[in-house]
Amino acid sequence: MGIKMTLTMALDDEQLIADAKATLIKNDLGGYTVPTHGLYPFQWNWDSAIVALGWLPFDEPRAWEEATSLLSAQWKSGMVPHVVFHKHSDTYFPGPDIWGVKNTPDSTSITQPPVLATVIRQLFEQTKDRVLVDSQIEQIVKQLIDYHLWWYKQRDPEYTGLVVSYHPWESGMDNSPAWDEALRAVPKVGWEYTRRDINHIDASERPHKEEYDRFLYLVDFFRKMNFDDTLIYQDCPYRVNDVSIISILHRGTKDLLALCKALNIDNKQTEYLAHRMDLTEAAIGKLWSAETNMFHSFDTRSNKLCSARTNAGLLPLFAGLVNEKFTPKLIEVLDDWLLDRPFAISSTHHDDPCYEPQRYWRGPIWLHINWMIVLGLEDYGFLKQAKQVTDASRNLIYTSGFNESFHAETGARSGGADFSWTAAMALYWLLPNQAANGE
């Protein structure tokens with residue numbers, strides 16, 4: 001590469017770093033960061049975890065505050081909700097009045113993929129201000145232990161090794177084609193409502209109304225069950241072993257136990273978590289398809305694998321759950337997925353019949369999922385593929401900036417603009433860390 005090109009890219013990186021920092025600052029509402037104004041005006045669970053990584057290179061106290069702000073909404077049961085309604089906003093639906101949860105602060109009654117433990121380990125190991133770390137880490141680890149215990153006890157009470165999800169929103173991959181068949185078993189809500197999302201984003205990029213009708217039926221169902229975990233487990237019409245949640249939980253528990261070891265925490269709770277990890281490792285093969293050579297989610301109501309080929313099927317790499325029998329086959333699938341693709345990884349495989357390159361989770365690319373997959377590839381020693389995904393991810397921000405997601409084929413904007421977790425991934429992962437630190 002010539003000197004002129006190198007200097008040009010360095011200047012571009014400097015501007016992107018400045019823009020990424022400005023995006024986080026713009027979306028900061030004082031202790032928590034909204035994903036983007038208007039479309040998502042509250043604090044989202046896994047968004048905040050990822051965003052903490054973006055604050056880390058240039059504002060360490062703010063990175064830790066992002067986590068403690070999210071954990072301030074933890075339920076007595078240990079559950080950390082998927083949305084926290086810190087302040088009123090009328091630009092989003094459904095709000096706290098629909099969810100019916102009476103907590104302080106108000107929240108939803110479901111959760112999201114528990115990536116926070118993995119992020120906290122990164123913060124613990126990489127924060128330079130050790131006094132800051134010491135002031136935060138013990139309380140956060142205690143809360144994370146409660147959260148992970150809740151996952152295993154309430155979402156897998158039969159000790160199958162595979163926790164369940166009760167709502168597509170819990171996956172974070174709201175309208176993924178993986179949920180299509182399971183959602184068809186959910187009735188449609190019987191009351192009229194007005195969506196807010198399509199006031200901000202073109203309807204062609206958002207879930208269909210038929211999906212929303214079923215999403216809202218489930219919200220009503222949780223409220224009618226008085227948010228009782230036992231009743232919901234027994235009766236929820238949507239109950240899925242979500243491979244993305246299972247993978248993120250497994251990696252998170254591994255990272256949480258590493259934190260416990262560093263803090264000399266060794267008790268019955270940590271033994272229980274380690275036992276639950278063993279169960280997951282023994283059970284993960286249930287989610288493997290010999291037909292697609294990928295992992296899939298599993299609909300526990302119909303007792304069938306969810307058929308769509310999605311990027312969630314690569315996340316067992318992130319968890320370290322892919323054994324030597326499955327690894328070469330899964331990497332072969334990934335190599336095909338990446339072949340001649342300047343932008344990657346699409347949320348649905350481009351050869352899948354449900355693939356839509358710009359409709360939310362049915363095709364567009366999401367950088368935080370790519371980051372997790374890259375970590376898994378690096379752990380397994382697939383450095384060539386890790387670099388391919390990293391380069392393809394970097395191409396997206398060079399092409400279109402900090403969007404919610406990206407058109408799977410053109411790299412163009414998809415979803416919301418000025419998006420926090422994309423800016424965070426740029427600062428923490430895709431752009432030079434020394435520049436992000438201002439060095």
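See the structure above.
The structure reproduced in this document is the subject of the present report. Owing to the predicted nature of the structure, the values given are computational and were not obtained by experimental measurement.

Rules used throughout
Residues numbered from 1 in each chain as written. Predicted model: local features only at pLDDT ≥ 70, side-chain atom pairs only at ≥ 80, totals over all residues. Heavy atoms only, no water. Helix = DSSP H or I, 4+ residues; strand = E, 2+ residues; numbered from the N terminus. Rg over C-alpha atoms; globule rule 2.2 N^0.38 Å. Buried < 20%, exposed > 50% of the residue type's maximum accessible area, 1.4 Å probe, protein only. Contact = heavy atoms within 4.5 Å. Lys, Arg positive; Asp, Glu negative; His and termini not counted. Charge placed at Lys NZ, Arg CZ, Asp CG, Glu CD. 1 Å grid on protein atoms, 1.4 Å probe; cavity = no way out; pocket = protein on both sides within 12 Å on 5 of 7 lines; lining within 4 Å. Points joined across faces, edges and corners; volume = space filled by probe spheres on them. Nonpolar A, V, L, I, M, F, W, Y, C, P; charged D, E, K, R; others polar.

Another aspect to go through is the overall build of the protein chain. Counting secondary structure elements, the protein chain contains 19 helices and 10 strands. A compact globule built from 439 residues should have a C-alpha radius of gyration of about 22 Å, and the protein chain, at 20 Å, falls within 12% of that. Counting only C-alpha atoms and orienting by the principal axes, one finds that the protein chain spans roughly 65 × 50 × 50 Å. For the protein chain, buried positions account for 62% of its 439 residues. Taking contacts inside the protein chain between residues at least 6 apart in sequence as the whole, the part at least 24 apart equals 72%. Taken together, the 41 basic and 58 acidic charged side chains of the protein chain have centroids lying 3 Å from each other.

Let us now look at empty space enclosed by the protein. Scanning the entire structure with this criterion turns up 4 cavities of 30 Å³ or more. Taken as a whole, the largest cavity spans an internal volume of roughly 260 Å³. Taken together, 25 residues form the lining of the largest cavity, with Tyr 40, Trp 44, Asp 174, Arg 206 and Tyr 360 sitting closest to its centre. Looking at side-chain class alone, the lining of the largest cavity contains 15 nonpolar, 4 polar and 6 charged residues. As a volume, the second largest cavity reaches approximately 100 Å³. Along the walls of the second largest cavity sit Trp 75, Ser 77, Met 79, Ser 109, Ile 110, Trp 150, Arg 155, Tyr 166, Phe 222, Phe 227, Asp 229 and Ile 232, which together make up its complete lining. Elements supplying a minimum of two residues to the lining of the second largest cavity: helix 6 (130–155) and helix 11 (229–235).

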